[in-house]
Amino acid sequence: MTLAAIKTKAAALKSGFAAAGALPVDCPVLLPAETLLDLYGEDIRTRAFLTHDPVRGEVILRPDFTLPVVQKHMAEGAEPARYTYAGEIFRRQEEHPERPSEYHQVGYEVFDRADPAGADAEVFARFAEALAPYGLRAIVGDIGILIAAVSGLETSAARKAAMMRHIWRPRRFRALLERYAGRAPVPPTRTALLKAADPMAATGPVIGLRDEDEIALRLAALRADAAEPPLPAGQVDLIEALVRVSETCGYALERLRDIAVDMPAISGAVDRLAARCEALAARGVDVNNLPFDANFGRTSMEYYDGFVFGFSAPGHPDWPLVASGGRYDALTRQLGQGREIPAVGGVIRPGLLVDLEEGTA
């Protein structure tokens, strides 16, 4: 595989998206770190390359194109809009050191409030068409259903917020669910801490970034949480049933409708899934054989909040997804300074397509 071959493949994919009506755009390689840190917190430092510019302060090497494209659209874009781009991105690979930390992406993004289900289907169908020669396996999911389920739980706003933050970290989410349900033992150290009349009395000097007032606020939050009643067992069981849904789209929709009878908070999200399935079928996608997994997309970037999809290469279980994408309406609200527009898009890794072509050859 050569860099020239990757760039040629990227240019061909980008040209195909442009021919479908997308406006080609360029994005800077160095982005202000403050925006990403505000969105994702300090966790972003484990996944991206940060450095210091003497004039601009802390900056980040572009970890993907979606954020700068959203910023560009919210600042100057008309509605509706479609964009395409190609270029290098940079990701730290601490969990997968065998994978490259610098590679190319080609993307297609749609900003259109008129028909979200139709836009979802459009993006997926464009990718399916572009990737058809490669024998990839497609899969879809919907983060919005789990978000709706958490929103409808009978618990405090603080607990809901904590679970929302960790939807994209399944292990942490599971640990919170177990703790809030009263199924996980409280560590003895925390029990002793919360029982102490003055937890700070026997401590030494304050070391670290938190001062005494911040520590006191955290202790108050822990005490308030400890006083919360456990999550109703029935609701916990429904969440667990929801995340286990893994069927073809038609059967998954039936199962989710059954769950919605006892968890009406997800009814709207399930209706949106049904509309998306209809829109996909109208574009020629065989939804009866399209796999749906309620957990899919929960370990990707945190801005996806609805439809998610991916294309993997059979026979290469060690590879990342060849293509992936999804809906990120909330990101446009966060970056739009009071404006928002439903948006969906995805990216392809042309280097992996070149690998597949060379392997076939």
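Please read these numbers as outputs of a predicted model, since none were measured by experiment.

Enquirer: What should I look at first to understand the overall build of the protein chain in this one?
Expert: The helix and strand tally for the protein chain stands at 14 helices and 12 strands. Each of the 361 residues in the protein chain was classed as buried or not, and the buried ones make up 47%. Look at the contacts in the protein chain between residues 6 or more apart in sequence, and 71% of them connect residues 24 or more apart. Here the protein chain has roughly 17900 Å² of accessible surface; of this, 54% comes from carbon and sulfur atoms.

Enquirer: Hey, could you run me through the sheet that holds strand S3 (residues 50-53) in this one?
Expert: Two strands in a sheet stick together by hydrogen bonds in their backbones, pointing the same way (parallel) or opposite ways (antiparallel). The strand order across the open sheet built from three strands is S2-S4-S3, with neighbouring strands paired in antiparallel fashion. What marks the edges here is a single partner per strand, and that holds for strand S2 (30-32) and S3. Going across the sheet, the axis of each strand differs from the next one's by a mean of 45 degrees, ignoring polarity.

Enquirer: Help me understand helix H5 (residues 143-151) in this model?
Expert: For an α-helix, the turn length of 3.6 residues means that residues three or four places apart are oriented alike. Across the nine residues of H5, seven count as buried, placing the element largely inside the fold. Within the sequence span of H5, burial applies to Ile143, Gly144, Ile145, Leu146, Ala148, Ala149 and Val150. Residue aspartate 142 occupies the N-cap position of H5, its side-chain oxygen lying 2.8 Å from the main-chain nitrogen of glycine 144.

Enquirer: When you look at the pairing of strand S4 (residues 57-61) in this model, what are you seeing that I'm missing?
Expert: Remember that side chains alternate between the two faces of the sheet whenever the strand is regular. With three bridges joining them, S2 and S4 adopt antiparallel strand pairing. Across the sheet, the residue bridging to leucine 30 is leucine 61, located in S4. Bridge count between S3 and S4: four bridges; the pairing is antiparallel. Counterpart to leucine 50 in the pairing with S4 is isoleucine 60. Hairpin connection of S3 to S4: three residues between the antiparallel strands.

Enquirer: Just checking my understanding: could you explain the environment of glutamate 109 for this structure?
Expert: Its place among the elements puts glutamate 109 in strand S6 (residues 102-111). When the C-alpha atoms of glutamate 109 and valine 69 are compared, they prove to be 8.4 Å apart, with 40 residues separating the residues in sequence. Once you skip the residues sitting within four places of it in the chain, glutamate 109 turns out to touch Thr66, Val69, Ala81, Arg82, Tyr83, Tyr85, Tyr328, Val344, Gly345 and Gly346. Separated by 2.5 Å, the side chains of glutamate 109 and tyrosine 85 make a polar contact.

Enquirer: Please clarify how the packing of H5 against helix H6 (residues 157-165) should be interpreted in this entry.
Expert: Helix-helix packing is characterised by the crossing angle of the two axes and by the distance between the axes. The N-to-C vectors of H5 and H6 enclose an angle of 165 degrees; their axes lie 9 Å apart at closest approach. Relative to H6, the element H5 is oriented roughly antiparallel. Along this stretch, H5 crosses H6, giving a crossing that reads as right-handed. Contact residues: H5 offers Ile147, Val150 and Ser151, while H6 offers Lys160, Met163 and Met164. Broken down by class, the residue content of the contact of H5 with H6 amounts to four nonpolar, one polar and one charged.

Enquirer: Any chance you could explain the pattern of salt bridges here in plain terms?
Expert: Side-chain pairs of opposite charge can arise whenever the charged atoms involved come near each other. Overall, the coordinates contain 14 salt bridges when judged by the stated rule. A salt bridge links arginine 276 to aspartate 142, with the nearest nitrogen and oxygen atoms 3.1 Å apart. Here aspartate 142 lies in strand S7 (residues 137-142) and arginine 276 lies in helix H12 (residues 267-282), a separation of 134 residues in the sequence. Taking relative accessible area as the criterion, arginine 276 reaches 6% and is therefore assigned buried. When salt bridges with common partners are traced through the structure, they connect Asp120, Asp142, Arg276, Arg327 and Asp329 into a single cluster.

Enquirer: Explanation requested: the side chain of aspartate 305 in the structure shown.
Expert: Within the secondary structure layout, aspartate 305 lies in the loop between strand S9 (291-293) and strand S10 (307-312). The buried charged residue aspartate 305 lacks any salt bridge, with arginine 333 as its nearest oppositely charged partner at 4.5 Å. When sequence neighbours within four positions are dropped, the list of residues in contact with aspartate 305 reads Ile143, Gly144, Ile147, Arg327, Tyr328, Asp329, Ala330 and Arg333.

What counts and what doesn't
- Residues numbered from 1 in each chain as written.
- Predicted model: local features only at pLDDT ≥ 70, side-chain atom pairs only at ≥ 80, totals over all residues.
- Heavy atoms only, no water.
- Helix = DSSP H or I, 4+ residues; strand = E, 2+ residues; numbered from the N terminus.
- Buried < 20%, exposed > 50% of the residue type's maximum accessible area, 1.4 Å probe, protein only.
- Contact = heavy atoms within 4.5 Å.
- Areas by Shrake-Rupley, 256 points an atom, 1.4 Å probe, with all protein chains shown as cover.
- Pairing = 2+ DSSP bridges.
- Axes fitted to C-alpha atoms, helices over the stretch in contact; angles between N-to-C directions.
- Polar contact = N/O pair within 3.5 Å; in protein donor to acceptor, adjacent residues only side chain to side chain.
- Parallel < 35°, antiparallel > 145°, perpendicular 65-115°, else oblique.
- Left-handed = near helix turned anticlockwise from the far one by under 90°.
- Nonpolar A, V, L, I, M, F, W, Y, C, P; charged D, E, K, R; others polar.
- Salt bridge = Lys/Arg side-chain N within 4 Å of Asp/Glu carboxyl O.
- Lys, Arg positive; Asp, Glu negative; His and termini not counted.

Geometry only, nothing functional implied.
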